[in-house]
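The chain contents come next:
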Amino acid sequence: MADMTPEFSRPVIADKVSARESVEKITATPAERAALAKRLELVSLDSLTALVRLRRIRGGQMVRVTGELEAEVVQSCVVTLEPLAASVRDSFQALFAPAHLVPKDEEDLENLGLDDEADPPEPIENGRIDIGELVAQHLSLALEPYPRKADAERFVHVEDWEGEGEFPDAPNEPPPDMEGADGETQDMEGPESPATKAATPAVEGAETKPNPFAALAKLRPKT
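So, here is what we can say about the structure in this document. Not measured: the values here are computed from a predicted model.

## Quick word on the environment of Leu143
Position of Leu143 among the secondary structure elements: in the loop between α3 (131–142) and α4 (194–199). For the pair Leu143 and Val88, spaced 55 residues apart in sequence, the C-alpha separation works out to 7.0 Å. Residues in contact with Leu143, not counting those within four places in the same chain, are Leu40, Leu42, Val73, Gln75 and Val88.

## So, unusual backbone geometry
For residues besides glycine, phi is generally negative; the peptide bonds are generally trans as well. Despite not being glycine, Glu41 has its phi angle at roughly 60°, a positive value. Despite not being glycine, Asn126 has its phi angle at roughly 55°, a positive value. Summarising the element assignment, Asn126 is placed in the loop between β6 (122–123) and β7 (128–130). Judged by relative accessible area, which is 74%, Asn126 ranks as exposed.

## Some thoughts on the sheet that holds β6
Spatially, five strands are ordered β2-β3-β4-β5-β6 in an open sheet, and the strand pairing comes out mixed. The open sheet terminates on both sides in strands that have one partner only, identified here as β2 (22–27) and β6. Strand direction decides the pairing type here: strand β3 (residues 44–57) and strand β4 (residues 62–76), joined by 13 bridges, are antiparallel. Directly across from Leu48, in β4, lies its bridge partner Ala71. Across the sheet, helix α1 (residues 30–39) lies against β2 and β3, angled at about 95° from β3, the strand it touches most. With respect to the sheet, α3 is in contact with β2, β3, β4, β5 (83–97) and β6, its orientation differing from that of β5 by roughly 130°.

Conventions used here
Note that residues are indexed from 1 along each chain, following the sequence as it is written. Local features in this predicted model are restricted to residues of pLDDT 70 or higher, and side-chain atom pairs are both shown and tallied only at a pLDDT of 80 or more, whereas totals for entire chains, interfaces and linings draw on every residue. As a rule here, side-chain values come from all non-hydrogen atoms in the structure, and water together with hydrogens is ignored. Only runs of H or I of at least four residues qualify as helices and only runs of E of at least two qualify as strands under DSSP, and these elements are numbered from the N terminus. Residues are treated as being in contact if the distance between any of their heavy atoms lies within 4.5 Å. Relative accessibility under 20% of the residue-type maximum defines a buried residue, over 50% an exposed one, and the middle range a partly exposed one, all with a 1.4 Å probe and only protein chains included. Two strands pair if DSSP finds at least two bridges between them. For every element, the axis is a line fit to its C-alpha atoms; helices are fit only across the contacting stretch, and the angle between N-to-C directions ranges from 0 to 180 degrees.

Set out below in structure tokens:
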């Protein structure tokens, strides 16, 4: 844990923790929530409470801490940057031990025989265990890392899409220069294309120019 006082600090004297489980209910004050929101890059932290249980294990050498936290947070949508409220609930556990019992490498960890523990023990600093900071750390882990609104995809540009497959909700429309004035698509190879128009015979009844060669043929003397 950091040397400076954490934003949400609730130290417990390690020597007062016994083999009989003790329970602590802690709640963050408005000032603590504001400081913690800044640290966690939240728009706001509207509430934070936790129920924490402490008990000595392994012959009294270590302290196991378990608990549940609840928080009401407001994050920023990563796409629109709009505020996004969320309820966070999480359970956690940690193991604390005197510094000389904290393993320095994998061999020390194996010698402690902590196979039944999720994580190696953390050191007890200055004879205290800060359960408030422990709750803050686990709140940070429980937050949605990339919060986004349900309809945020419609604000993403196609060129920014890095997912797999087709871009979600991508418009199935032709480029603007392929559209006619009436909004209908002009097929460049269809019956209305310039090439087709050139090859299409004149419409019956339409005005046509006289053929000069036909007129000359009429003027030639018959043999």
